[in-house]
Amino acid sequence: MFKTIIEPFKIKVVEPIRMTTADERRLILKRAHYNMFEIRARDILIDLLTDSGTAAMSSEQWAAMMRGDNAYAGSDSFYRFEAAVKELTGYTHIIPTHQGRAAERILFSIVGGAGQVIPNNTHFDTTRANVEHTGASAVDLVIPEGLQPQVRHPFKGDMDLGRLEALLKETAPGHVPLCMLTVTNNSGGGQPVSMQNLKASSALCHRYGVPLFLDACRFAENAYFIKLREPGYQDKSPLDIAREMFRLADGCTMSAKKDGLVNIGGFLAMNDNRWAQEARNLLVLTEGFPTYGGLAGRDLEAIAQGLREVLDEDYLRYRLRSVEYLAERLTALGYPIIQPPGGHAVYIDARALLPQIPANQFPAQRLCSAIYEHGGIRTGEIGNAMFGRYENGQETPGPMDLVRIAIPRRAYTQSHIDYVSEVAEQVYSHREGLKGFRVLRQVPILRHFTIEFEPL
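Throughout what follows, the structure given in this document is the object of discussion. Throughout this description, residue numbers start from 1 for each chain and increase along the sequence as written. Whole-chain, interface and lining totals are the exception, using all residues; otherwise, since this is a predicted model, local features are given only for residues with pLDDT of at least 70 and side-chain atom pairs are given and counted only at 80 or more. Each side-chain value is derived from all of the structure's non-hydrogen atoms; neither hydrogens nor water enter the calculation.

1. Quick notes on a nonpolar patch on the surface
Next up, step 1: A cluster of nonpolar side chains, contributed by Tyr72, Val284 and Phe289, occupies part of the molecular surface with about 310 Å² of accessible area.
Next up, step 2: Only DSSP runs of H or I reaching four residues or more are called helices, and only runs of E reaching two or more are called strands; each is numbered from the N terminus. Tracing the chain through its elements places tyrosine 72 in the loop between helix H2 (59-65) and helix H3 (76-89).
Next up, step 3: A relative accessible area of 56% means that tyrosine 72 is categorised as exposed. A patch consists of residues whose relative accessible area exceeds 30% and which take part in no salt bridge; residues with like charges are grouped when within 9 Å of each other, and nonpolar side chains (Val, Leu, Ile, Met, Phe, Trp, Tyr) when within 5 Å. All accessible-area figures derive from a Shrake-Rupley calculation using a 1.4 Å probe, and residue coverage is judged against the displayed protein chains alone. Each salt bridge in this description consists of a side-chain nitrogen of Lys or Arg and a carboxyl oxygen of Asp or Glu lying within 4 Å of one another. Three exposure classes are used, based on accessible area relative to the maximum for each residue type with a 1.4 Å probe and protein chains only: buried under 20%, partly exposed in between, and exposed over 50%.

This is how it looks when you write it as structure tokens:
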């Protein structure tokens, strides 16, 4: 009925942000070697690098933290956490970890190894790294529309079922230990997976005796997309849809720093008794005792409360609409973005915006730098630095060069987003003069975190 997006919360605590000048920002960029991860947080005006661990927690979460039980073993906080996760997912074994990549490392240490193949709609950076670190192969099988930014499709995160079945047929028995589905599909623009595709993926995997696991970081946003876009789900609650999603799979990894609405924490959950025992053995070795898993009792309490709050329909309506609002503003300016916009971020197609910069000169990284220089806004590169390959002196670009404008949950207001749009308008007017980067230094694994550039 009304056009104005109002935040479904009041602001109780504020954190000051520091203004910088363009001259200061140019110097900061040079010192950081044009890598957004190397810029100090105090030098950022609006931080849209990631939505991971950047949420503002609620008064109920802070209240829950006060009763955190930090007993080394058998903490009451663990049992409240475990009950909340079981109520949501229905899985038998709930294993806390300090964040999602720890859950990934433990899982793929158990099932990975040379000769193993892990299919996914699209592996995100740490997921792929943890798969490949074991010697296994990470294979992306998203539908063709998922790699075409301007093509509109309600569920661009869907698994390509034909390619998945071909892989399951062609791979020797026992060499596909599990299949993953990332919901929503982060690397593909925060795009959702339909319930129909979840059901078909589950049935196909189980027909070949392969367990299905969800990368469930943004499960609530995916559930709400299903409610909005998939026939037969309009009258169901986000909670009921989420439960249906989880029960189609055999387990999940979860970074609670996204849809858990917390600043740290995650978990690995599954039904397989043997894998769970092996996972707990690794947990004790590297994370902590199974009833705390690298987290304090207060963190377990905050996750338990956050998993309930994130499925509130008023919150989810605001969350998706606020991202859509920024997407509309950028589209009106002329920016090519992944359409339709995802649930946690807007993704700019930097290759289309900056055709003068070849993929091996990092157009997305160049656009990130320009946005920071003009307005002090930090964004993230989801492109050649993150997913390209450098081997034998040759740069092999990734499939797309995207700039992710990730919106922290409950942290910024509409006026902040309006400022982002104004900065984007200024950058757009200077786009034709932007030139690319060359690499000064890099490492072979997860290079985007520490890679150093210089302008061409």
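2. Focus: the nonpolar core
Next up, step 1: Among buried residues, the Ala, Val, Leu, Ile, Met, Phe, Trp, Tyr and Cys ones that are joined through side-chain atoms within 4.5 Å form a nonpolar core. Phe219, Met245, Tyr335, Ile348 and Leu367 are the most contacted members of the largest nonpolar core, which totals 107 residues.
Next up, step 2: Looking at this core element by element, the count peaks at 9 residues for helix H12 (residues 313-333).
Next up, step 3: Contact definition: two residues touch when any of their heavy atoms are within 4.5 Å. For tyrosine 335, the contacting residues outside a window of four places in its chain are Leu330, Ile348, Leu353, Ala424, Val427 and Tyr428.
Next up, step 4: Counting residues in each nonpolar core, the second largest holds 20 residues, with Ile95, Phe108, Leu268 and Met270 among its members.

3. Brief notes about the pairing of strand S9 (residues 345-349)
Side-chain direction in a regular strand flips from residue to residue, so the side chains alternate between the two faces of the sheet.
Next up, step 1: Here S9 lies mainly inside the structure; 5 of its 5 residues are buried.
Next up, step 2: Here S9 shows two buried faces, one formed by Ala345, Tyr347 and Asp349 and the other by Val346 and Ile348.
Next up, step 3: Bridge count between S9 and strand S14 (residues 402-406): 5 bridges; the pairing is antiparallel. Within the sheet, the bridge partner assigned to alanine 345 lies in S14 and is alanine 406. Strand pairing is assigned whenever DSSP identifies at least 2 bridges connecting the two strands.

4. Remarks on the packing of aromatic side chains
Next up, step 1: A pair of Phe, Tyr and Trp rings is counted when the ring centres sit within 6.5 Å of each other, with Trp represented by its six-membered ring. The angle between the planes then sorts it: under 30 degrees is stacked, over 60 is edge-to-face, the rest tilted. Taken as a whole, this structure holds 16 aromatic pairs when the rule is applied.
Next up, step 2: Measuring from ring centre to ring centre gives 6.4 Å for phenylalanine 124 and phenylalanine 387, while their planes differ by 70°; the resulting arrangement is edge-to-face. Separated by 263 residues along the polypeptide, phenylalanine 124 in the loop between strand S3 (117-120) and helix H5 (125-133) and phenylalanine 387 in helix H15 (residues 384-387) bring together distant segments of the chain.
Next up, step 3: Ring plane angle 50° and centroid distance 5.2 Å describe the contact between tyrosine 335 and tyrosine 428, whose orientation is recorded as tilted. Note that tyrosine 335 is positioned in the loop between H12 and S9 and tyrosine 428 in helix H16 (residues 414-429), a separation of 93 residues in sequence. Each member of the pair tyrosine 335 and tyrosine 428 is classed as buried.
Next up, step 4: An aromatic cluster is defined as three or more aromatic residues linked by ring pairs; in this entry it consists of Tyr34, Phe362, Phe437 and Phe453.

5. Observations regarding the sheet that holds strand S8 (residues 266-270)
Next up, step 1: Strand order in the open sheet made by the 5 strands is S2-S8-S7-S6-S5, with mixed pairing throughout. What marks the edges here is a single partner per strand, and that holds for strand S2 (93-97) and strand S5 (179-182). Averaged over neighbouring strand pairs, the angle between their axes works out to 15° when direction is ignored.
Next up, step 2: Here S2 pairs with S8 via 5 bridges, running antiparallel. An axis is simply a line fitted to the C-alpha atoms; with a helix, the fit covers only the stretch in contact. Between two such axes, the angle follows the N-to-C directions and lies from 0 to 180 degrees.

6. Things to note about the environment of aspartate 418
Next up, step 1: By the secondary structure assignment, aspartate 418 is in helix H16.
Next up, step 2: Remark: the alpha-carbon pair of aspartate 418 and leucine 316, spanning 102 residues in sequence, is separated by 20 Å.
Next up, step 3: In the analysis that follows, any N or O atom pair within 3.5 Å is treated as a polar contact, provided that within protein one partner can donate a hydrogen and the other can accept it, and provided that, for residues neighboring in sequence, both atoms belong to side chains. Of note is the side chain of aspartate 418, whose polar atom sits 2.8 Å from the side chain of arginine 329.

7. Thoughts on the pattern of salt bridges
Next up, step 1: Per the stated rule, a full pass over the model turns up 32 salt bridges.
Next up, step 2: Of the charged contacts in the structure, one is a salt bridge between arginine 409 and aspartate 51, with a shortest N-O distance of 2.9 Å. Here arginine 409, found in the loop between S14 and H16, pairs with aspartate 51, found in the loop between strand S1 (46-47) and H2; they are 358 residues apart in sequence, far enough to count as distant. When sorted by exposure, arginine 409 lands in the same class as aspartate 51, which is buried.
Next up, step 3: Across the salt bridge formed by arginine 321 and glutamate 324, the nearest N and O atoms sit 3.0 Å from each other. Of this pair, arginine 321 and glutamate 324 both sit in helix H12, 3 residues apart, roughly one helical turn.
Next up, step 4: For glutamate 324, a relative accessible area of 35% gives the class partly exposed.

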